[in-house]
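Examination of the molecular architecture
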Amino acid sequence: MEKSRIPKFYKYAIADRLRLLFERNLLNDDDYYQLLNYNNILTADEADKMIENVIGIFGLPIGLGLNLMVNKKEYVVPMVVEEPSIVAAVSSSSKLVREAGGFQSSSTEPILIGQIQIVEVENPARAKNVILQNKEEIINLANSLHPRMQARGGGVKDVEVRILTRTAQEKDMVIVHLLVDTRDAMGANLVNSMCEGVASLLEKISGGQVFLRILSNLTDRSIVRSNCIIPLELLKGKGFKGEQVRDGIILANEFASIDPYRAATHNKGIMNGIDPVAIATGNDWRAIEAAAHAYAARGGAYTALTHYYKNDKGELVASIEIPIKVGTVGGPLESNPSNRILHRLMGIESATELAEVMGAVGLAQNIAALRALVTEGIQRGHMTLHARSVASAAGATADIFETVVEKLINDGEIKVWKAQQIVENLRASKQVEELEQEVIEYIPEMATAYGKVILLGEHAVVYESHAIAAPIPLAIQAKVHPGDNGIHLLIPRWGVEEKLQKGVEHKYSIYESLDLILNRLGLEDKDMKIEIFPHIPRAAGLGGSAALAVAIIRALAHYYKLSISNEEISHLAYESELIAHGSASGIDNTLATYGKFCLFKKGDPPFMQNISLKQPLSFVIGLTGIESLTAKMVARVRSGREENQKLYDHIFEEIDNVTLKSVKAIEADDQVKLGEYMNQNQGLLNALQVSSPELEEIIAIARKNGALGAKLTGAGGGGAAIALCPGTSERVSMAIRKAGYHTVVTKLG
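Throughout what follows, the structure given in this document is the object of discussion. Note that the coordinates shown come from a computational prediction; the quantities given were computed from them, not determined experimentally.

Moving on to the overall build of the chain. Helix and strand counts for the chain come out as 28 helices and 21 strands. A principal-axis box enclosing the C-alpha atoms of the chain has dimensions of 100 × 65 × 60 Å. In the chain, which comprises 749 residues, the share counted as buried stands at 52%. A separation of at least 24 residues holds for 72% of the contacts in the chain among residues at least 6 apart in sequence. In the structure as shown, the chain presents an accessible area of about 34100 Å², 50% of it carried by carbon and sulfur atoms. Each charge class in the chain was averaged separately, 78 positive and 89 negative side chains, and the resulting centres sit 2 Å apart.

For the structure shown, the criterion picks out 5 aromatic pairs. Taken together, a centroid distance of 4.8 Å and an interplanar angle of 20 degrees make the contact between phenylalanine 22 and tyrosine 32 stacked. A residue pair is termed long-range when its members are at least 10 positions apart, and phenylalanine 22 in helix 1 (residues 14-23) and tyrosine 32 in helix 2 (residues 29-36) qualify at 10 residues. Taken as a pair, phenylalanine 22 and tyrosine 32 share a single burial class, namely buried. Seen in terms of ring centroids, tyrosine 648 and phenylalanine 652 are 6.3 Å apart; in terms of plane orientation they differ by 75 degrees. Their pairing is edge-to-face. Taken as a pair, tyrosine 648 and phenylalanine 652 lie in helix 25 (residues 645-667) at a separation of 4 residues, close to a single helical turn.

Attention shifts here to helix 21 (residues 544-559). Across its 16 residues, helix 21 extends 22 Å between first and last C-alpha, which sits within 8% of the 22 Å expected from 1.5 Å per residue. Residues Ala546, Ala547, Leu548, Ala549, Val550, Ala551, Ile552, Ile553, Ala555, Leu556 and Ala557 constitute the buried set of helix 21. In the stretch just after helix 21, lysine 561 is the one whose phi turns positive, near 55 degrees.

Below, the discussion takes up the pairing of strand 17 (residues 607-610). Judged from the 4 bridges that link them, strand 16 (residues 598-601) and strand 17 form a sheet pairing that is antiparallel. Considered in strand 17, the bridge of phenylalanine 600 is made with methionine 608. Between strand 16 and strand 17, which pair antiparallel in sequence order, lie 5 residues.

What follows covers the sheet that holds strand 21 (residues 742-748). A sheet is described by the order of its strands in space; here 4 strands give the open sequence 19-20-18-21, paired in antiparallel fashion. One side of each edge strand has no neighbouring strand; the edge strands of this open sheet are strand 19 (709-713) and strand 21. Averaged over all neighbouring strand pairs, the angle between strand axes comes to 25 degrees, with direction disregarded. As judged from the 5 bridges shared by strand 19 and strand 20 (residues 720-724), these two strands associate in the antiparallel manner. Each residue of the ladder has a partner; that of glycine 709, found in strand 20, is leucine 724.

Moving on, we come to the side chain of glutamine 477. In this structure, glutamine 477 sits in strand 12 (residues 466-482). Of the polar contacts made by the side chain of glutamine 477, one reaches the side chain of threonine 448; its length is 2.8 Å.

Taken N-terminus to C-terminus, the directions of helix 26 (residues 671-687) and helix 27 (residues 693-704) make an angle of 160 degrees; their axes are 13 Å apart at the nearest point. Overall, the two elements helix 26 and helix 27 adopt an arrangement that is roughly antiparallel. At the point where helix 26 passes helix 27, the crossing takes the left-handed sense. Residues Asn679, Gln682 and Asn686 of helix 26 form the contact with helix 27, whose own contacting residues are Glu696, Ile699 and Arg703.

This brings us to the sheet that holds strand 7 (residues 209-216). Strands sit in the order 5-6-4-7 across an open sheet of 4 strands; the sheet is antiparallel. Of all strands in the sheet, those bounded by a partner on one side alone are strand 5 (155-164) and strand 7. This sheet shows a mean twist of 20 degrees between the axes of neighbouring strands, independent of strand direction. Relative to strand 6 (residues 173-181), strand 5 runs antiparallel, the two being bridged by 9 bridges. Its bridge partner lying in strand 6, glycine 155 is registered against aspartate 181. The strands touched by helix 6 (residues 135-144) within the sheet are strand 5 and strand 6, with strand 5 carrying the most contacts at an inclination of about 125 degrees.

Below, the discussion takes up the environment of arginine 183. Within the secondary structure, arginine 183 is located in the loop between strand 6 and helix 8 (188-206). Arginine 183 gets classed as partly exposed once you look at its relative accessible area, which sits at 25%. Residues arginine 183 and glutamine 150, 33 residues apart in the sequence, show an inter-C-alpha distance of 9.4 Å. Excluding its chain neighbours within four sequence positions, the residues that come into contact with arginine 183 are Glu109, Pro110, Met149, Arg152, Gly153, Gly154, Lys325 and Ala351. A polar side-chain atom of arginine 183 sits 2.5 Å from a polar atom in the side chain of glutamate 109.

The subject of this paragraph is the packing of helix 10 (residues 242-258) against helix 11 (residues 260-280). Put simply, helix 10 and helix 11 touch, their axes get as near as 6 Å, and they point 115 degrees apart. Relative to helix 11, the crossing made by helix 10 is left-handed. Here Asn253, Phe255, Ala256 and Ile258 of helix 10 come into contact with helix 11, specifically with Pro260, Arg262, Ala263 and His266. By residue class, the composition of the contact of helix 10 with helix 11 is 5 nonpolar, 2 polar and 1 charged.

Parameters at a glance
- Residues numbered from 1 in each chain as written.
- Predicted model: local features only at pLDDT ≥ 70, side-chain atom pairs only at ≥ 80, totals over all residues.
- Heavy atoms only, no water.
- Helix = DSSP H or I, 4+ residues; strand = E, 2+ residues; numbered from the N terminus.
- Buried < 20%, exposed > 50% of the residue type's maximum accessible area, 1.4 Å probe, protein only.
- Contact = heavy atoms within 4.5 Å.
- Areas by Shrake-Rupley, 256 points an atom, 1.4 Å probe, with all protein chains shown as cover.
- Lys, Arg positive; Asp, Glu negative; His and termini not counted.
- Charge placed at Lys NZ, Arg CZ, Asp CG, Glu CD.
- Phe/Tyr/Trp six-rings, centres within 6.5 Å; stacked < 30°, edge-to-face > 60°.
- Expected span 1.5 Å × (residues − 1).
- Pairing = 2+ DSSP bridges.
- Axes fitted to C-alpha atoms, helices over the stretch in contact; angles between N-to-C directions.
- Polar contact = N/O pair within 3.5 Å; in protein donor to acceptor, adjacent residues only side chain to side chain.
- Parallel < 35°, antiparallel > 145°, perpendicular 65-115°, else oblique.
- Left-handed = near helix turned anticlockwise from the far one by under 90°.
- Nonpolar A, V, L, I, M, F, W, Y, C, P; charged D, E, K, R; others polar.

Set out below in structure tokens:
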């Protein structure tokens, strides 16, 4: 499976992106849950140990540059940056270069220079010769200070001496350079200590006085060179021929090579790619910046760091030469939990490899910028991303967000006030309800099973109390295709592409459930491909696992022309739920199968009574982004009941009473009462200890912004909360999203 190529990655929710990375083994279990639950964020205590006078933590987005291939190896590149278009540009350019074979990078040894300044030297030329004659002694002394570095193949490799001329009245300076191979360490402290360690020896040898002893950030002995060759066929597009794009890029680069005013912006664009990777990996981006710009001026005039030309085949050849000194080990890299995770995500094995990737990223960024400049102009891409930022600032919710962005771009006036005006007009024109139905496009010919929310009665329903549940407009779709050599399961959105192994213990319950379904339907020996399109967030308490089972069963029944009733589908899906959760009430599979707003009670067969509504109920579903593990939460409640059955049964009885009262409130369209009952139910669920800080925050925000009632839905411990919001859906949704959560605005019934 391709690792760095993830089509339409930007369209997924954050939780789904993380799941894709986890499924592709780019994140291990710990890293996945740390990112999913925001446990990678630097704490105040950790920050207080890093710098002085700490008052808080400042956040920046972590994005992923995709499609990158360097030296035939794929990379997913973490980038910490706030400027729109940078991550998209790297991903787009890398995709183009990937089709041409990718980038080739090489580098020199990771050498860092330490400088010792010697003044008051009577004879600088003689001092220089004496120092060089004693080079071995100086090197041995410096390396003795860090024997472990030398054992790893690093240490001081050479000594250089420079004489700097001063005014006629002042004696010239003698500058000694220690050329230190720091291997995978950034090496600043190491080099500084070596400079300190050899200072007295140099004073003795030179007869002068040592003044400054410090590293240089002009790392011109740690050079990275990256290049690529792009055929004309890949350059063409947007009304431009490949030759036009090639020649335009070459001309634009020539401008930067001879004019420092243009070169400054040109090289800044290169660093737009490199700096975010340096920050993501815990490296000193300021030092890398300083080195790059100093290197660009090494010939006496500031110039471009890149070079473009056409080869004998007429193809565009792009290259960059830039100093990059980075590290992959050491205290500074370990102090921020995000850095550790992102290093593992990249799969980097050495500092040299990281530097070579960063060089390729800088070149990719530059190619994207120049290509945009010489074709449609870079402003269009910035305009789209700026419009998205403005739409978000204006409070455009998910249901109208893309429409607001489109109108902003078409109007050409991308201002917050304009976006607010568009939002108000959309709401006033009643278009919001229409747009809600367009958020997800379902494929009619595919088998479909909808998710659910439980309005009241979670957990108690497992112990034969009543619950009220309703289907939601989020579904799982499935389709069976002809196949060969076994049964293959494809879930592109989750990065799943597996052949079902028979007779083995499955790692994930989805494969065990599929085994059960195929065996029950007598299809275990057939050849097929089962394709799944999920639109329900995983482990969110919205009935995703039951909907998955029902969709698969229906797709199999349709393809193989099996006669199977809804009752049989629901029962088979219930068996699947038992595999997924260990225990189940039957409510999820019932809702996924029948899709009816109903009062439910566990039984064989279960009790199910349709609930009549005078008008649909407006709800906002708030998604925490934290997986709600039903089996874990059900087991927690079971354990609590075993310890104190009398108390828990009393709570279940109270939940049952509130649920039955709510049926009457719904049928009478008394939404105020329904909201009160939802709030009471949440209090009882809190008594069962199944809520979470994130759920409580969403619930509090919803109530504060006009929700009549709000509570968790499903197993709890994360997942989702629901809020009853007649006339306040947009305000509640916007407030929840501003707090960093996702929402779904919908109508039930």
